[in-house]
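So you can see what is in the structure, the chains are spelled out below.
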Amino acid sequence: SRVRHTQHSGRRPKVSPWIQASTKMSGGAVDAWQVSAVASLVEELDKKILVVLRDGSKIIGFLRSFDQFANIVLENACERIIVGTSFSDIPLGLYIVRGENVVLMGDIDETIETEGLTEVSNEEIKREREAEKAADKFKGEMLKRMDFLED
């Protein structure tokens, strides 16, 4: 069953019985603000969304389900890797994301989502990402050496 969220005039949002029961089962660890924030995801169900994770990964997929902890299920998910002006989507299929790993979530405007980017193969984007990581590592090492020389 899906969660319904309704507004009322008081300070606390009206919470569905399902979420109230879940909150009681979790020892009351979920407050009303969290519940209302998570319940607002109802509007995003069955839409294509972008999710940015704590490790910087960008996952795109159709939001199919969520729970009171903002754990989400994405269908036809893919990881979008962008390096410079190149990008590639690595298919993931059905993907479950733990809520605590979500940094940002939002709609995708499909008319401009890849504007200014060139799609490349998965192998090519992986090589470009590794080269970018190696360049960043080298830059960090050089900066450390320069700091060392200044002491």
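Every value quoted in this text rests on a predicted model; they were computed, and no experiment measured them.

## Some words on the layout of surface pockets
For step 1, the next point in the chain: Estimated volume of the second largest pocket: approximately 170 Å³.
For step 2, the next point in the chain: If you trace the second largest pocket, you find it lined by Asp 55, Gly 56, Ser 57, Lys 58, Glu 79, Arg 80, Ile 81, Ile 82, Val 83, Arg 129 and Glu 132.
For step 3, the next point in the chain: Elements represented by at least two residues in the lining of the second largest pocket include exactly strand E3 (72-83) and helix H3 (122-150).
For step 4, the next point in the chain: If one sorts the elements of the lining of the second largest pocket by residue count, E3 sits on top with five residues.
For step 5, the next point in the chain: Split by residue class, the lining of the second largest pocket holds three nonpolar, two polar and six charged.

## Concerning unusual backbone geometry
For step 1, the next point in the chain: One non-glycine residue, Ala 70, lies in the positive phi region at around 70°.
For step 2, the next point in the chain: Structurally, Ala 70 is set in the loop between strand E2 (58-66) and E3.
For step 3, the next point in the chain: The class for Ala 70 is buried, based on a relative accessible area of 19%.
For step 4, the next point in the chain: Positive phi, close to 55°, is recorded for Asn 76, a residue that is not glycine.
For step 5, the next point in the chain: Within the secondary structure, Asn 76 is located in strand E3.

## What to know about the environment of Ala 77
For step 1, the next point in the chain: Among the secondary structure elements, Ala 77 is positioned in strand E3.
For step 2, the next point in the chain: By relative accessible area, Ala 77 is classed as buried at 3%.
For step 3, the next point in the chain: As for Ala 77 and Ile 96, which are separated by 19 residues in sequence, their C-alpha atoms are 9.4 Å apart.
For step 4, the next point in the chain: With residues near it in sequence (within four places) discarded, Ala 77 still touches Ile 59, Ile 60, Gly 61, Ile 90, Pro 91, Leu 92, Gly 93 and Tyr 95.

## Comments concerning the pairing of strand E4 (residues 86-97)
For step 1, the next point in the chain: Of the pairings in the sheet, the one linking E3 to E4 comprises 10 bridges and is antiparallel in character. What sits directly across from Val 73, in E4, is Ile 96.
For step 2, the next point in the chain: Linkage of E3 to E4, two consecutive antiparallel strands, is achieved through a turn of two residues, within which Gly 84 is found at a positive phi near 65°.
For step 3, the next point in the chain: Bridge count for E4 against strand E6 (residues 118-119) is two bridges, and the pairing is parallel. Bridge assignment links Phe 87 to a residue of E6, and that residue is Glu 119.

## Thoughts on the nonpolar core
For step 1, the next point in the chain: Counting 12 residues, the largest nonpolar core is built from Leu 41, Leu 45, Ile 49, Val 51, Leu 53, Ile 59, Leu 63, Phe 66, Ile 72, Leu 74, Ala 77 and Val 97.
For step 2, the next point in the chain: When residues of this core are traced back to their parent elements, those giving at least two are strand E1 (48-53), E2 and E3.
For step 3, the next point in the chain: Setting aside chain neighbours within four positions, we find Val 97 in contact with Leu 53, Ala 70, Asn 71, Ile 72, Leu 74 and Val 102.
For step 4, the next point in the chain: If you look at the next biggest cluster of nonpolar residues, it comprises five residues, including Val 83, Ile 90, Val 120 and Ile 125.

Rules of the game
Sequence positions are assigned chain by chain, starting from 1 and proceeding in written order. Since the coordinates come from a predicted model, pLDDT governs what is reported: local features require at least 70, and pairs of side-chain atoms require 80 or more to be given and counted, while whole-chain, interface and lining totals use all residues. Derived side-chain values reflect all non-hydrogen atoms in the structure, with water molecules and hydrogen atoms excluded from consideration. Using a 1 Å grid laid over the protein atoms alone, points where a 1.4 Å probe fits but cannot get out form a cavity; open sets with protein on both sides within 12 Å along at least 5 of 7 lines form a pocket; any residue with an atom within 4 Å of a point counts as lining. Grid points are joined across faces, edges and corners, and a volume is the space filled by probe spheres set on the points. We count a stretch as a helix when DSSP gives it H or I for four or more residues in a row; a strand needs E for two or more, and each element gets its number in order from the N terminus. Under the scheme applied, nonpolar residues are Ala, Val, Leu, Ile, Met, Phe, Trp, Tyr, Cys and Pro; charged residues are Asp, Glu, Lys and Arg; polar residues are all the others, including Gly. Categorising residues by exposure relies on relative accessible area from a 1.4 Å probe, with only protein chains included: less than 20% of the type maximum marks a residue as buried, more than 50% marks it as exposed, and the intermediate range marks it as partly exposed. What makes two residues a contact is simply this: any of their non-hydrogen atoms within 4.5 Å. The pairing criterion for strands is at least two bridges between them, as found by DSSP. Throughout, nonpolar core names a set of buried Ala, Val, Leu, Ile, Met, Phe, Trp, Tyr and Cys residues whose side chains join them through atoms within 4.5 Å.

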